[in-house]
Amino acid sequence: QMCIRDRYQRRVHGILQGKRKMVEAAPVYTLDKAVLDAEIAKQGDWNKTIILTQDGKVLTTKNIVAVAPEDIKLFLGCFESRDKAIGPGFTLGADLFNILEYHPPLVYGRHIPPSDSEGIAICRVKSKVNGEDVFMIITYLLPIISAKAIPQMLAFTKKFIGEPSQHSLSDSSLS
């Protein structure tokens, strides 16, 4: 019998491979702050959201006052290797998150201590607007779990930004 985690991982893998459809409406690719803000506001399951460009520019945020430059650097570098993602974890505001799963273009985990039960997910997306990598970070509170929040984030990115990007950031041969 397949456990919940295995079913979830197959579901996410199917979404990433294009075998499962999450978005039925036609995509509206944009990096416009006003449009992204309006669409993120509709996502009631997400507690905090930040969207970054590959050079660390903040495109938009929800429920985040400021992000420290060293935290942005960790977000951007987390896909370089499993050790860079899982080792230090992430800080968002005053919250420290332990990274539990590394499956590029997704990295996700939970708040430390786990009793606070806030999850975090980071997705690297190839923008259909300019071809550059864009990073979307969301957090979610119980009763929302990664099995619900991550497919929502993937559907959002596919509809408004582009396709999840699995290539290495150091691979300059990709466009």
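Figured I'd write up the structure that's included with this text. Every chain's residues receive numbers from 1 upward, in the order its sequence appears when written. The predicted origin of the model limits local features to residues at a pLDDT of at least 70 and limits the giving and counting of side-chain atom pairs to 80 or more, whereas totals for whole chains, interfaces and linings rest on all residues. For the side-chain quantities, the full set of heavy atoms in the structure was used; hydrogens and water were omitted.

Looking now at the packing of aromatic side chains. Any pair of Phe, Tyr and Trp rings, taking the six-membered ring for Trp, is counted once the centres come within 6.5 Å. Such a pair is stacked with planes under 30 degrees apart, edge-to-face with planes over 60 apart, and tilted for the rest. Inspection of every chain in the model, using the stated rule, returns 4 aromatic pairs. Centroid distance Phe79 to Phe135: 6.0 Å. Interplanar angle 35 degrees. Geometry classified as tilted. Linking Phe79 in the loop between helix H3 (69-77) and helix H4 (82-86) with Phe135 in strand E7 (residues 133-141), this pair joins segments that are 56 residues apart in sequence. Burial classes: relative accessible area under 20% of the type maximum marks a residue as buried, over 50% as exposed, and values in between as partly exposed (1.4 Å probe, protein chains only). Accessibility expressed as a relative area gives 5% for Phe79, which makes it buried. Put simply, the rings of Trp46, Phe156 and Phe160 touch in pairs and so form one group of aromatic residues. Comment: elements are numbered from the N terminus, with helices defined as DSSP H or I runs of at least four residues and strands as E runs of at least two.

Attention now goes to the pattern of salt bridges. The salt bridge criterion pairs a side-chain nitrogen of Lys or Arg with a carboxyl oxygen of Asp or Glu, the two atoms within 4 Å. In total, this model carries 5 salt bridges according to the counting rule given. Here Asp37 ties to Lys33 by a salt bridge, and the two come within 2.7 Å at their closest N and O atoms. Residue Asp37 and its partner Lys33 are located together in helix H2 (residues 33-41), separated by 4 residues, close to a single helical turn. A relative accessible area of 27% means that Asp37 is categorised as partly exposed. Its salt-bridge partner being Lys148, residue Asp45 comes within 3.2 Å of it at the nearest N-O pair.

Right, let's talk about the nonpolar core for a bit. Counting residues in hydrophobic clusters, the biggest one holds 23 residues, and the most contacted among them are Ile51, Ile138, Met153, Phe156 and Ile161. Listed by contribution, the elements that provide at least two residues to this core are H2, strand E5 (106-112), strand E6 (118-127), E7 and helix H5 (146-160). With 6 residues, the single largest contributor to this core is H5. Note on contacts: a residue pair is in contact if any heavy atoms of the two residues lie within 4.5 Å. Residues contacting Met153, with those up to four places away along its chain left out, are Trp46, Leu106, Ala121, Ile122, Cys123, Met136 and Ile138. In this text, buried Ala, Val, Leu, Ile, Met, Phe, Trp, Tyr and Cys residues form a nonpolar core when linked through side-chain atoms within 4.5 Å. In this structure, Ile50, Phe75, Ala85 and Tyr102 belong to the second largest nonpolar core, which totals 20 residues.

This brings us to the side chain of Thr53. With respect to the element layout, Thr53 can be found in strand E1 (residues 48-53). On the accessibility criterion, Thr53 (10% relative accessible area) is buried. For this analysis, a polar contact is any N or O atom pair within 3.5 Å, provided that within protein one partner can donate a hydrogen and the other can accept it, and provided that sequence-adjacent residues contribute only side-chain to side-chain pairs. Of the polar contacts made by the side chain of Thr53, one reaches the side chain of Asp55; its length is 2.4 Å. When residues no more than four places from it in sequence are discounted, the contact partners of Thr53 are Leu59, Leu76, Asp133 and Phe135.

Time to look at H3. Buried within H3 are the following residues: Asp71, Ile72, Phe75, Leu76 and Gly77. Contacts made by the buried residues of H3 are with E1, strand E2 (58-62), H4, strand E3 (90-92), E6 and E7.

Every α-helix winds through 3.6 residues per turn, so residues three or four apart in the chain are directed the same way. Every helix has an expected span of 1.5 Å times one less than the residues it contains. With 15 residues, H5 extends 20 Å between its outermost C-alpha atoms, agreeing within 8% with the 21 Å of an ideal straight helix rising 1.5 Å per residue. Judged by how many residues are buried, H5 sits mostly within the fold: 11 of 15 residues are covered. Three or more residues of H5 are buried, namely Ser146, Ala149, Ile150, Pro151, Met153, Leu154, Ala155, Phe156, Thr157, Lys158 and Phe160.

Attention now goes to the pairing of E2. Any two strands are treated as partners once DSSP identifies two or more bridges connecting them. Sheet topology places E1 next to E2; 4 bridges connect them, and they run antiparallel. Bridge pairing in E2 places Ile50 opposite Thr61.

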